[in-house]
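Chain residues, written in single-letter form:
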Amino acid sequence: MADGPAAKAVVLLSGGMDSAVCLHAAKAMGYAVHAISFRYGQRHRIELQAAESLARSLPVVEHLIFDLAAEAFAGSALTDSVAVPKSGVGAGIPVTYVPARNTVFLSIALAWAESMAARDLFIGVNAVDYSGYPDCRPAFIAAFEQLANVATKEGGYRVHAPLLQMSKAEIVRRGLALGVDFAQTRSCYDPDPAGRGCGACDACRLRLGGFAEAGQVDPLPYVC
Ligand code: ZN
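Everything numeric here is computed off the predicted structure, so don't read it as measured data. (Residues numbered from 1 in each chain as written. Predicted model: local features only at pLDDT ≥ 70, side-chain atom pairs only at ≥ 80, totals over all residues. Heavy atoms only, no water.)

1. With respect to the coordination of the zinc ion
Note on metal sites: the ideal angle is 109.5 degrees for four tetrahedral donors, and 90 or 180 degrees for six octahedral donors. Let me state the cut-off plainly: Sodium, potassium and calcium take a 3.2 Å donor cutoff, other metals 2.8 Å, and in both cases only N, O and S atoms count; water is not among them, so sites may look incomplete. Irregular is the default label, applied whenever a site is not tetrahedral (four donors, all angles between 85 and 135 degrees) and neither square planar nor octahedral (four or six donors, opposite donors over 155 degrees apart, all other angles between 65 and 115). Secondary structure elements are defined from DSSP: runs of H or I of at least 4 residues count as helices, runs of E of at least 2 residues count as strands, and each element is numbered from the N terminus. Residue exposure (1.4 Å probe, protein chains only): buried if accessible area is under 20% of the type maximum, exposed if over 50%, otherwise partly exposed.
Bound to the zinc ion are the protein donor atoms Cys188 (SG), Cys198 (SG), Cys201 (SG) and Cys204 (SG), situated 2.3 Å from the metal. Its four donor atoms give the zinc ion angles of 101 to 119 degrees at the centre, a pattern that matches the tetrahedral case. Taken in chain order, the donor set of the zinc ion reads C-x9-C-x2-C-x2-C. Remark: cysteine 201 occurs in the loop between α5 (168-178) and α6 (202-213) and cysteine 188 occurs in the loop between α5 and α6; sequence separation between them is 13 residues. When sorted by exposure, cysteine 188 lands in the same class as cysteine 201, which is buried.

The structure is reproduced here in C-alpha coordinates:
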(Lines give C-alpha, C1' and ligand atoms only; values in the text may rest on other atoms or scores of the structure.)
Protein backbone atom coordinates (compact mmCIF):
# COMPACT_ATOMS: atom_id res chain seq x y z
CA MET A 1 0.00 0.00 0.00
CA ALA A 2 1.29 3.52 -0.82
CA ASP A 3 2.38 5.97 1.87
CA GLY A 4 -0.14 8.44 3.24
CA PRO A 5 -3.17 7.82 5.37
CA ALA A 6 -4.10 4.14 5.48
CA ALA A 7 -7.13 3.13 3.45
CA LYS A 8 -10.13 2.32 5.61
CA ALA A 9 -11.65 -1.13 5.79
CA VAL A 10 -14.85 -2.30 7.45
CA VAL A 11 -14.41 -5.69 9.13
CA LEU A 12 -17.29 -7.86 10.35
CA LEU A 13 -16.39 -8.99 13.85
CA SER A 14 -18.51 -11.67 15.51
CA GLY A 15 -16.12 -12.53 18.31
CA GLY A 16 -15.44 -16.01 16.90
CA MET A 17 -12.00 -17.28 15.95
CA ASP A 18 -12.47 -16.78 12.20
CA SER A 19 -13.52 -13.14 12.52
CA ALA A 20 -10.61 -12.51 14.91
CA VAL A 21 -8.11 -13.83 12.36
CA CYS A 22 -9.84 -11.81 9.64
CA LEU A 23 -9.58 -8.67 11.80
CA HIS A 24 -5.84 -9.15 12.28
CA ALA A 25 -5.38 -9.98 8.58
CA ALA A 26 -6.99 -6.66 7.59
CA LYS A 27 -4.72 -4.76 9.98
CA ALA A 28 -1.65 -6.66 8.71
CA MET A 29 -2.55 -5.60 5.15
CA GLY A 30 -2.18 -1.99 6.31
CA TYR A 31 -5.83 -0.97 6.55
CA ALA A 32 -7.26 1.41 9.13
CA VAL A 33 -9.72 -1.05 10.64
CA HIS A 34 -13.30 -0.13 11.47
CA ALA A 35 -14.99 -3.11 13.08
CA ILE A 36 -18.72 -3.79 13.14
CA SER A 37 -20.64 -6.30 15.26
CA PHE A 38 -24.36 -6.98 15.44
CA ARG A 39 -26.80 -7.51 18.26
CA TYR A 40 -29.46 -9.55 16.45
CA GLY A 41 -31.05 -11.55 19.21
CA GLN A 42 -28.30 -14.14 19.48
CA ARG A 43 -28.86 -16.28 22.55
CA HIS A 44 -25.35 -15.80 23.82
CA ARG A 45 -24.11 -12.30 24.53
CA ILE A 46 -20.69 -13.65 25.38
CA GLU A 47 -19.72 -13.42 21.70
CA LEU A 48 -20.30 -9.65 21.69
CA GLN A 49 -18.12 -9.32 24.78
CA ALA A 50 -15.45 -11.27 22.90
CA ALA A 51 -15.82 -8.93 19.91
CA GLU A 52 -15.39 -5.89 22.18
CA SER A 53 -12.28 -7.31 23.76
CA LEU A 54 -10.76 -8.22 20.37
CA ALA A 55 -11.50 -4.76 18.98
CA ARG A 56 -9.99 -3.06 22.04
CA SER A 57 -6.80 -5.06 22.01
CA LEU A 58 -5.99 -4.82 18.26
CA PRO A 59 -6.83 -1.84 18.53
CA VAL A 60 -9.30 -0.76 15.85
CA VAL A 61 -10.05 2.84 14.84
CA GLU A 62 -13.62 2.34 16.01
CA HIS A 63 -15.98 -0.50 16.84
CA LEU A 64 -19.67 -0.17 16.04
CA ILE A 65 -22.21 -2.49 17.63
CA PHE A 66 -25.33 -2.34 15.51
CA ASP A 67 -28.74 -3.33 16.86
CA LEU A 68 -31.10 -5.30 14.64
CA ALA A 69 -34.63 -6.41 15.43
CA ALA A 70 -34.30 -9.98 16.65
CA GLU A 71 -37.69 -10.91 15.17
CA ALA A 72 -36.18 -10.84 11.68
CA PHE A 73 -33.83 -13.72 12.53
CA ALA A 74 -36.16 -16.12 14.32
CA GLY A 75 -36.18 -19.86 13.66
CA SER A 76 -32.47 -20.53 14.09
CA ALA A 77 -30.88 -22.47 16.94
CA LEU A 78 -28.68 -19.41 17.53
CA THR A 79 -31.57 -16.97 17.99
CA ASP A 80 -34.58 -19.02 19.00
CA SER A 81 -35.57 -21.79 21.37
CA VAL A 82 -34.41 -24.43 18.88
CA ALA A 83 -31.93 -26.91 20.42
CA VAL A 84 -28.32 -26.73 19.28
CA PRO A 85 -27.34 -30.09 17.71
CA LYS A 86 -24.50 -31.90 19.49
CA SER A 87 -24.19 -35.13 17.53
CA GLY A 88 -21.59 -34.06 15.01
CA VAL A 89 -21.30 -32.13 11.76
CA GLY A 90 -23.84 -33.61 9.36
CA ALA A 91 -24.93 -33.05 5.78
CA GLY A 92 -27.32 -30.29 4.70
CA ILE A 93 -27.95 -26.85 6.11
CA PRO A 94 -27.93 -27.05 9.93
CA VAL A 95 -30.51 -25.43 12.23
CA THR A 96 -27.79 -23.03 13.41
CA TYR A 97 -28.09 -21.28 10.04
CA VAL A 98 -29.47 -17.78 10.69
CA PRO A 99 -31.78 -16.54 7.89
CA ALA A 100 -29.81 -14.39 5.40
CA ARG A 101 -27.51 -13.20 8.17
CA ASN A 102 -24.39 -12.49 6.14
CA THR A 103 -26.40 -10.67 3.45
CA VAL A 104 -27.88 -8.36 6.08
CA PHE A 105 -24.56 -7.87 7.89
CA LEU A 106 -22.63 -7.12 4.70
CA SER A 107 -25.36 -4.72 3.53
CA ILE A 108 -25.05 -2.67 6.71
CA ALA A 109 -21.25 -2.87 6.54
CA LEU A 110 -21.49 -1.60 2.95
CA ALA A 111 -23.62 1.37 3.99
CA TRP A 112 -21.14 2.23 6.74
CA ALA A 113 -18.23 1.84 4.30
CA GLU A 114 -19.83 4.08 1.69
CA SER A 115 -20.59 6.72 4.33
CA MET A 116 -16.90 6.92 5.30
CA ALA A 117 -15.48 6.45 1.77
CA ALA A 118 -14.05 3.02 2.56
CA ARG A 119 -13.92 0.60 -0.35
CA ASP A 120 -12.89 -2.60 1.40
CA LEU A 121 -15.08 -4.99 3.36
CA PHE A 122 -13.72 -8.00 5.25
CA ILE A 123 -15.68 -11.05 6.31
CA GLY A 124 -14.25 -14.15 7.98
CA VAL A 125 -16.31 -16.78 6.18
CA ASN A 126 -14.78 -20.12 5.43
CA ALA A 127 -15.91 -22.57 2.75
CA VAL A 128 -13.73 -25.56 3.62
CA ASP A 129 -14.45 -26.64 7.20
CA TYR A 130 -17.71 -24.76 7.33
CA SER A 131 -21.03 -26.09 8.54
CA GLY A 132 -22.92 -25.93 5.25
CA TYR A 133 -24.15 -22.34 5.39
CA PRO A 134 -25.16 -21.01 1.95
CA ASP A 135 -23.95 -17.50 2.82
CA CYS A 136 -20.39 -18.74 3.43
CA ARG A 137 -19.90 -19.97 -0.14
CA PRO A 138 -17.48 -18.35 -2.62
CA ALA A 139 -20.44 -17.72 -4.96
CA PHE A 140 -22.13 -15.66 -2.25
CA ILE A 141 -19.04 -13.49 -1.69
CA ALA A 142 -18.60 -12.90 -5.43
CA ALA A 143 -22.31 -12.08 -5.85
CA PHE A 144 -22.29 -9.63 -2.94
CA GLU A 145 -19.22 -7.86 -4.32
CA GLN A 146 -21.00 -7.49 -7.64
CA LEU A 147 -24.07 -6.15 -5.82
CA ALA A 148 -21.94 -3.63 -3.88
CA ASN A 149 -20.54 -2.30 -7.13
CA VAL A 150 -23.92 -1.70 -8.74
CA ALA A 151 -25.66 -0.56 -5.56
CA THR A 152 -23.42 2.38 -4.62
CA LYS A 153 -22.63 5.84 -6.00
CA GLU A 154 -19.07 5.17 -7.14
CA GLY A 155 -18.56 1.42 -6.89
CA GLY A 156 -15.02 0.10 -6.60
CA TYR A 157 -15.77 -2.20 -3.66
CA ARG A 158 -13.85 -5.29 -2.74
CA VAL A 159 -15.23 -7.98 -0.44
CA HIS A 160 -12.24 -9.71 1.13
CA ALA A 161 -12.75 -13.18 2.55
CA PRO A 162 -9.15 -14.12 3.40
CA LEU A 163 -10.13 -17.37 5.15
CA LEU A 164 -12.44 -18.59 2.41
CA GLN A 165 -10.24 -21.46 1.21
CA MET A 166 -8.44 -22.23 4.48
CA SER A 167 -8.96 -25.28 6.66
CA LYS A 168 -9.64 -24.67 10.35
CA ALA A 169 -6.07 -25.79 11.10
CA GLU A 170 -4.70 -23.25 8.61
CA ILE A 171 -6.83 -20.56 10.26
CA VAL A 172 -5.32 -21.46 13.66
CA ARG A 173 -1.78 -21.29 12.24
CA ARG A 174 -2.44 -18.03 10.40
CA GLY A 175 -3.99 -16.53 13.54
CA LEU A 176 -1.01 -17.48 15.69
CA ALA A 177 1.36 -16.00 13.08
CA LEU A 178 -0.65 -12.76 13.14
CA GLY A 179 -0.62 -12.61 16.95
CA VAL A 180 -4.29 -13.43 17.56
CA ASP A 181 -5.02 -14.17 21.21
CA PHE A 182 -7.47 -17.04 20.76
CA ALA A 183 -8.29 -16.90 24.47
CA GLN A 184 -10.26 -13.72 23.65
CA THR A 185 -12.42 -15.44 21.05
CA ARG A 186 -15.61 -17.45 21.56
CA SER A 187 -17.04 -20.07 19.20
CA CYS A 188 -19.49 -22.29 21.09
CA TYR A 189 -23.15 -22.18 20.03
CA ASP A 190 -24.26 -23.28 23.50
CA PRO A 191 -21.86 -22.18 26.25
CA ASP A 192 -22.63 -22.81 29.94
CA PRO A 193 -23.44 -19.86 32.26
CA ALA A 194 -19.73 -19.48 33.03
CA GLY A 195 -19.01 -19.09 29.30
CA ARG A 196 -17.33 -22.46 28.89
CA GLY A 197 -17.66 -24.18 25.51
CA CYS A 198 -19.86 -27.30 25.32
CA GLY A 199 -17.26 -29.18 23.30
CA ALA A 200 -19.97 -30.93 21.26
CA CYS A 201 -21.72 -28.41 18.97
CA ASP A 202 -20.52 -27.98 15.37
CA ALA A 203 -18.62 -24.78 16.24
CA CYS A 204 -16.78 -26.46 19.14
CA ARG A 205 -16.04 -29.57 17.06
CA LEU A 206 -14.64 -27.60 14.14
CA ARG A 207 -12.63 -25.35 16.44
CA LEU A 208 -11.16 -28.19 18.54
CA GLY A 209 -10.44 -30.19 15.38
CA GLY A 210 -8.58 -27.22 13.88
CA PHE A 211 -6.42 -26.73 16.97
CA ALA A 212 -5.67 -30.46 17.18
CA GLU A 213 -4.75 -30.68 13.50
CA ALA A 214 -2.50 -27.64 13.87
CA GLY A 215 -0.79 -29.30 16.85
CA GLN A 216 -1.94 -26.50 19.16
CA VAL A 217 -3.92 -26.36 22.37
CA ASP A 218 -7.12 -24.31 22.38
CA PRO A 219 -6.78 -21.89 25.32
CA LEU A 220 -10.56 -21.81 25.95
CA PRO A 221 -12.21 -23.65 28.85
CA TYR A 222 -14.63 -26.44 27.97
CA VAL A 223 -17.29 -28.23 29.99
CA CYS A 224 -16.05 -31.62 28.77
ZN1 ZN B 1 -20.19 -25.78 21.72
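Okay, back to it.
2. Quick notes on the environment of serine 19
Heads up, the condition is: Only heavy atoms matter for contacts: two residues are in contact if any of them lie within 4.5 Å across the pair.
Relative to the helices and strands, serine 19 resides in helix α1 (residues 17-28). Its relative accessible area of 6% is what places serine 19 among the buried residues. Spatially, the C-alpha atom of serine 19 lies 10.0 Å from that of alanine 161, the residues being 142 residues apart in sequence. Discounting residues that sit within four places of it in the chain, serine 19 has contacts with Leu12, Leu13 and Ser14.

3. Section: unusual backbone geometry
The omega torsion of the bond from leucine 58 to proline 59 falls at -10 degrees, within 30 degrees of zero and hence cis. The residue proline 59 is located in the loop between α2 (46-57) and β3 (62-67) in this model. With a phi close to 50 degrees, alanine 100 is a non-glycine residue in the positive phi region. Tracing the sequence through the fold places alanine 100 in the loop between β3 and α3 (101-115). Judged by its relative accessible area of 34%, alanine 100 falls in the partly exposed class.

4. Some words on the pairing of β3
As a reminder of what qualifies: Strands qualify as paired when DSSP identifies two bridges or more between them. The crossover handedness rule: strands pointing away from the viewer, path from first strand over the helix to second strand clockwise, crossover right-handed.
The sheet contact formed by strand β2 (residues 32-39) and β3 spans six bridges and is parallel. Bridge pairing in β3 links histidine 34 to glutamate 62. Of the crossover connections in this fold, the one passing from β2 over α2 to the parallel β3 is right-handed.

5. Thoughts on helix α4 (residues 138-151)
Applicable threshold: To estimate the expected span of a helix, count its residues, drop one, and scale the result by 1.5 Å. Starting at the helix axis, one direction is taken to each C-beta atom, and the arc is that of these directions.
In a regular helix each residue adds 1.5 Å, so 14 residues correspond to 20 Å; α4 covers 20 Å between its end C-alpha atoms and thus fits that length. By the burial criterion, the buried members of α4 are Phe140, Ile141, Phe144 and Ala148. Burial along α4 is one-sided: seen end-on, the buried residues are contained in an arc of 95 degrees. Exposed positions of α4 whose direction lies more than 90 degrees from the buried face are Ala139, Gln146 and Val150. In this structure, the buried residues of α4 make contact with α3, β4 (120-122) and β5 (158-160).

6. Side note on the packing of aromatic side chains
The geometry of two aromatic rings is summed up by the distance between their centres and the angle between their planes. Threshold: For Phe, Tyr and Trp, where Trp contributes only its six-membered ring, two rings pair if their centres lie within 6.5 Å, and the inter-plane angle classes them as stacked under 30 degrees, edge-to-face over 60, or tilted in between.
One pass over the structure, following the stated rule, counts seven aromatic pairs. On the basis of an interplanar angle of 70 degrees and a centroid distance of 5.5 Å, the ring pair of tyrosine 31 and phenylalanine 122 is categorised as edge-to-face. Taken together, the residues span a long stretch of sequence, with tyrosine 31 in the loop between α1 and β2 and phenylalanine 122 in strand β4 at a distance of 91 residues. Taking the relative accessible area as the measure of exposure, tyrosine 31 reaches 9% and is therefore buried. Aromatic pair phenylalanine 38 and phenylalanine 105: ring centres 4.0 Å apart, planes at 10 degrees, arrangement stacked.

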